[in-house]
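So you can see what is in the structure, the chains are spelled out below.
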There are 2 protein chains.
Amino acid sequence: MTKTPQLALAVDVGGTKVETALVRADATLVEGTRHRRPTGAGSDADQLAASVAEAIRATLAEAERAHGITATDLVGAGVGSAGPIDLDRGAVSPINLHAWRGYPLADLVAETSGLQTTLRLDGTCILLAELWAGALQGRRNAMGMIVSTGIGGGLILEGKLIAGRTGNAGHIGQVQIRTHEQAGRDLSVTLEGVASGTATVAFARSLGWTGDRGEDLARDYAEGDARAVAAVERCADAIGEAIASVCALVDLEAVAIGGGFSRVTPDLFELIRSRIDEVAPFPTICGVEVVPSALSDEGPLIGAAGLVHRADLLP
Amino acid sequence: MTKTPQLALAVDVGGTKVETALVRADATLVEGTRHRRPTGAGSDADQLAASVAEAIRATLAEAERAHGITATDLVGAGVGSAGPIDLDRGAVSPINLHAWRGYPLADLVAETSGLQTTLRLDGTCILLAELWAGALQGRRNAMGMIVSTGIGGGLILEGKLIAGRTGNAGHIGQVQIRTHEQAGRDLSVTLEGVASGTATVAFARSLGWTGDRGEDLARDYAEGDARAVAAVERCADAIGEAIASVCALVDLEAVAIGGGFSRVTPDLFELIRSRIDEVAPFPTICGVEVVPSALSDEGPLIGAAGLVHRADLLP
């Protein structure tokens, strides 16, 4: 019997769950190997570690039971984690997982799986999935953005994934995009603070809109509610301004935007493109492509596996 | 007689002049080979081309006369130009040289010198000079900034100079850093619009200060004039905010700042560092080093020559 060649273990650690799966070299998941365990702000450090280890063991057990795959058939493990991370030490301090501060996640995955392990920020992995199997295939200078309750992202420049000094490059949500004057001083307002799903819902409510969730806003935008429309336009304006600034700084070819709130209306993309053209400081920036993510909810796992299968994109 | 090995022709094209020189592999200029010719907004396309060609010929003639160096002793030509540029076509459209729009500057230098020619944005060249012979030696993730009448810069990430889609990466001055509310709409204000020497002098005057130039502001800051102090603090705040944003996006190790207005007061650097710490969205950003440029006015020429001598830093 021929073994399935070129399989990677993918691990995605987020604020509410950890997911694991085996991923082939064609960016597809091996059937039945996707497993999840809870994480969460209330877990202690051992509980978080146990969740990661249990999910990995469940994936490996199912791979062996159903497909005859063993750990020795795997070429490596890729891990995406909520940040900040410490790339040199393979450690993570996810904002919403308070019990882990400088926790050696790469070592945990390597010891549990027996595999050589590569760690990157979750935003980097989602970008990698877009480059490998999504909306940014073939791009050398591009950004992936997730617009959801928060805003995150990742960057590829000159054909290489950008990690930076500590591995935390890609935090487009934490870029200062506006200022708010208070007591004669300009206070910094980040892109996430203006344009996340959470911030956009809050802004709509400040206009008298009475919904609670992004889904409500999507419905009311579609029905032409003026407050919902104003809130979505404000979100698009801020995202467009941020993209224009990033293009001035690193001269992108394309930006892919995913995440739940990016689907609030298909109009969002045209509104973003218009705002880029409006504020772009040079004509070349107007040429940047802004496209919806082409990833399913498997994106984070495909991206984590890409750290193994697409090691050519690592610096 | 042994010929001097490893010499590069350096060409720096700016809004008021073009400069040329021969540069050794140790980042020093060959004595007597530095020449300049005027450029300027009033020149037509042929006059600009003639200035570049004359400066190159003067450099090559002096090299031969005084040192016995001929074009065949040179390993290549590096050109830094005011932008925007078009890297794929080796063409330039400098904002202040109106007669050149898509002008094939790389071809002009190659034809005049007979050398293989590499073109990059001037800000990229100045960063390259800092990496090679200045304040950023050994850095893999860093930004060079010039704070003068305008604000420009360049980026190295993961050990490679960032050019981007068209070669225009590095325009830190055109990043949106603040907004100004007008008629209910947030208008974009760039870093250059707040923190350039020009903008800082204008702000001081808006407070009732009566000087005209950066030198006047430097003197009055040193004497404790409250309006000069307020203007310099505002400049430092905006630069600190921009650096914090760039660090969120690409996670830098260090930033070197040069340009005439960066010497307005030695306090500027400490003010910038304080503001970064104040607005940094994560602790890792507070660790970024902010240092003065270590370049003389030979920096742009050294950087242009670095495109040849330090080709290892090109993607």
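Below or above, wherever it landed, is the structure these notes cover. As the structure is a prediction and not an experimental result, all values here were calculated from the model. (Residues numbered from 1 in each chain as written. Chains lettered and ligands numbered in written order. Predicted model: local features only at pLDDT ≥ 70, side-chain atom pairs only at ≥ 80, totals over all residues. Heavy atoms only, no water.)

1. Comments concerning the pattern of salt bridges
Residue and element names in this part refer to chain A.
- Evaluated as defined, the whole model comprises 42 salt bridges over all chains.
- Residue Arg310 pairs with Asp312 through a salt bridge whose shortest N-O separation is 2.9 Å.
- The exposure class assigned to Arg310 is partly exposed, which follows from its relative accessible area of 22%.
- Asp312 sits in the partly exposed class, given a relative accessible area of 43%.
- The network of salt bridges with common partners includes Arg178, Asp237, Glu241, Arg275 and Glu278. (Salt bridge = Lys/Arg side-chain N within 4 Å of Asp/Glu carboxyl O. Buried < 20%, exposed > 50% of the residue type's maximum accessible area, 1.4 Å probe, protein only.)

2. Re the relation of the copies chain B and chain A
- When chain B is fitted onto chain A, the two copies agree to an RMSD of 0.0 Å after a turn of 180° and an axial shift of 0.0 Å. Between the two chains, the operation in question is that of a two-fold axis. For chain B, the smallest separation between a C-alpha atom and the rotation axis is recorded for Arg178(B), amounting to 2.5 Å.
- Most of the interface of chain B is mirrored in chain A: 98% of its interface residues are interface residues there too. (Least-squares fit on C-alpha atoms with pLDDT ≥ 70 in both. Contact = heavy atoms within 4.5 Å.)

3. Side note on helix α7 (residues 226-250) of chain A
Residues and elements named next belong to chain A.
- With 25 residues, α7 extends 36 Å between its outermost C-alpha atoms, agreeing within 8% with the 36 Å of an ideal straight helix rising 1.5 Å per residue.
- Burial within α7 is extensive, with 19 of its 25 residues counted as buried.
- Looking one or two residues past α7, Asp251 carries a phi angle of roughly 55°, positive in sign. (Helix = DSSP H or I, 4+ residues; strand = E, 2+ residues; numbered from the N terminus. Expected span 1.5 Å × (residues − 1).)

4. Things to note about the packing of helix α1 (residues 45-67) of chain B against helix α2 (residues 105-113) of chain B
Residues and elements named next belong to chain B.
- Running from N to C, α1 and α2 point in directions that differ by 35°, and their axes come no closer than 10 Å. Crossing hand, α1 versus α2: right-handed. Listed contacts from α2 to Ala49, Val52, Ala53, Ile56, Arg57 and Leu60 of α1 are Leu105, Leu108, Val109, Thr112 and Ser113.
- The residue inventory of the contact of α1 with α2, partitioned by class, reads eight nonpolar, two polar and one charged. (Axes fitted to C-alpha atoms, helices over the stretch in contact; angles between N-to-C directions. Left-handed = near helix turned anticlockwise from the far one by under 90°. Nonpolar A, V, L, I, M, F, W, Y, C, P; charged D, E, K, R; others polar.)

5. What to know about the environment of Gly76(A)
Residue and element names in this part refer to chain A.
- You can see Gly76 is positioned in strand β4 (residues 74-81).
- In this structure, the C-alpha to C-alpha distance between Gly76 and Ala226, residues 150 residues apart in sequence, is 51 Å.
- In this structure, Gly76 is in contact with Leu7, Ala8, Leu9, Leu115, Gln116 and Val308, ignoring residues within four places of it in sequence.

6. Regarding the pairing of strand β13 (residues 254-258) of chain A
Residues and elements named next belong to chain A.
- Most of β13 is tucked away, with five of its five residues classed as buried.
- A two-sided burial pattern is seen for β13, the buried positions comprising Ala254, Ala256 and Gly258 on one face and Val255 and Ile257 on the other.
- As paired elements, strand β8 (residues 142-147) and β13 share five bridges and run parallel to each other. Its bridge partner being in β13, Met145 is matched across the sheet by Ile257.
- Direction of pairing for β13 relative to strand β14 (residues 289-292): parallel, over a ladder of four bridges. Paired with Ile257 across the bridge in β14 is Pro292.
- At this point the chain moves from β13, through helix α8 (residues 267-279), to the parallel β14, and the crossover so formed is right-handed. (Pairing = 2+ DSSP bridges. Right-handed = clockwise from strand over helix to strand, strands pointing away.)

7. Some remarks on a positive patch on the surface
- A cluster of like positive charges, contributed by Arg140(A), Lys160(A), Arg140(B) and Lys160(B), occupies part of the molecular surface.
- Relative to the assigned elements, Lys160(B) resides in strand β10 (residues 160-161). (Patch = residues over 30% accessible without salt bridge, like charges linked within 9 Å, V, L, I, M, F, W, Y side chains within 5 Å. Areas by Shrake-Rupley, 256 points an atom, 1.4 Å probe, with all protein chains shown as cover. Lys, Arg positive; Asp, Glu negative; His and termini not counted. Charge placed at Lys NZ, Arg CZ, Asp CG, Glu CD.)

8. Brief notes about the sheet that holds β14(A)
Residues and elements named next belong to chain A.
- Sheet architecture is open: five strands sit in the order β10-β9-β8-β13-β14, paired in mixed fashion. Each of the sheet's edge strands pairs with one partner strand only, and the pair in question is β10 (160-161) and β14.
- Each of β13 and β14 touches α8; the most contacted strand, β14, lies at about 165° to it.

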